[in-house]
Amino acid sequence: MFAAGYGASSTHNVLPSILLQGAWIQPNHTRSAEMSIAVAEKTMAADQCLKAVMQINGALGAALVDWRSGLCLGTEGGGGLDLNIAAAGNTEVVRAKLNTMKALGLNDEIEDILITLGSQLHIIRPLRKYTNLFLYVALTKANANLATARYKLEEIESMLTM
């Protein structure tokens, strides 16, 4: 579920404004049902985003996390994992990597961080559009395809609206 200030009601209120912005760019400022549908199909609220992550083959659980505060903004699934603990721990992983990159003078950004366990893959994907957030997904190694999972996370990230 979503933390205070990031609840379903606040994420769902974004969509109408996006639809209006999409319609606004048309000549004569007329709204078009086709334009609204096209824009809506390319955007997802946070809860929809997490549901989409869970459609990746082998997905056990997913979380949207604010790495600056460590706050878990939303979760889906879990597969026996406490996603709030995973969010807090992976916040430390992201912070450590960013601090290391800074110490090394690397002027780059993290695309994703992969943690490979005996039976699971854990992917941490910092978001480009929302720079204080990351998506976290735990996958069963036997059922997941890493390349496909990474591609789908990138695709889902591009549609996320907050």
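Preceding block: the structure.
Residues numbered from 1 in each chain as written. Predicted model: local features only at pLDDT ≥ 70, side-chain atom pairs only at ≥ 80, totals over all residues. Heavy atoms only, no water.

A.B. asks: I'd like a description of the overall build of the chain, backed by residues and values.
C.D. replies: Scanning the chain from terminus to terminus reveals six helices and five strands. Put simply, the chain runs from its N terminus to its C terminus through helices and strands in the order α-α-α-α-β-β-α-β-β-β-α. Counting all 162 residues of the chain, 43% fall into the buried class. The contacts of the chain with a sequence gap of at least 6 include a subset with a gap of at least 24, amounting to 56%. For the chain, the exposed surface amounts to about 9,000 Å²; the carbon and sulfur share of it is 55%. (Helix = DSSP H or I, 4+ residues; strand = E, 2+ residues; numbered from the N terminus. Buried < 20%, exposed > 50% of the residue type's maximum accessible area, 1.4 Å probe, protein only. Contact = heavy atoms within 4.5 Å. Areas by Shrake-Rupley, 256 points an atom, 1.4 Å probe, with all protein chains shown as cover.)

A.B. asks: Can you explain the pattern of salt bridges? Please cite residues and give values.
C.D. replies: What the rule picks out here adds up to six salt bridges. Of the charged contacts, one joins Asp-112 and Arg-150 as a salt bridge, the two residues approaching to 2.6 Å between their closest N and O atoms. Taken together, the residues Asp-112 in the loop between helix H5 (83–103) and strand E3 (113–116) and Arg-150 in helix H6 (residues 146–159) connect sequence positions 38 residues apart. Two residues, Arg-125 and Glu-157, come together in a salt bridge whose shortest N-O distance is 2.6 Å. Here Arg-125, found in strand E4 (residues 120–126), pairs with Glu-157, found in helix H6; they are 32 residues apart in sequence, far enough to count as distant. This pair shows no difference in class: Arg-125 is buried, exactly as Glu-157 is. Each of the salt bridges in this network shares a partner with another, and the network as a whole consists of Glu-111, Asp-112 and Arg-150. (Salt bridge = Lys/Arg side-chain N within 4 Å of Asp/Glu carboxyl O.)

A.B. asks: Can you explain the layout of surface pockets? Please cite residues and give values.
C.D. replies: Empty space within the largest pocket amounts to approximately 230 Å³. Trp-67, Val-94, Leu-98, Asp-108, Glu-109, Ile-110, Pro-126, Leu-127, Arg-128 and Thr-131 together form the lining of the largest pocket. Taken together, the residues that form the lining of the largest pocket break down as six nonpolar, one polar and three charged. (1 Å grid on protein atoms, 1.4 Å probe; cavity = no way out; pocket = protein on both sides within 12 Å on 5 of 7 lines; lining within 4 Å. Points joined across faces, edges and corners; volume = space filled by probe spheres on them. Nonpolar A, V, L, I, M, F, W, Y, C, P; charged D, E, K, R; others polar.)

A.B. asks: I'd love a proper account of the pairing of E3, names of residues and values included.
C.D. replies: Where E3 meets E4, four bridges bridge the pair, whose relative direction is antiparallel. The residue bridging Leu-114 from the neighbouring strand is Ile-123, located in E4. The hairpin formed by E3 and E4 contains three residues between the paired strands. (Pairing = 2+ DSSP bridges.)

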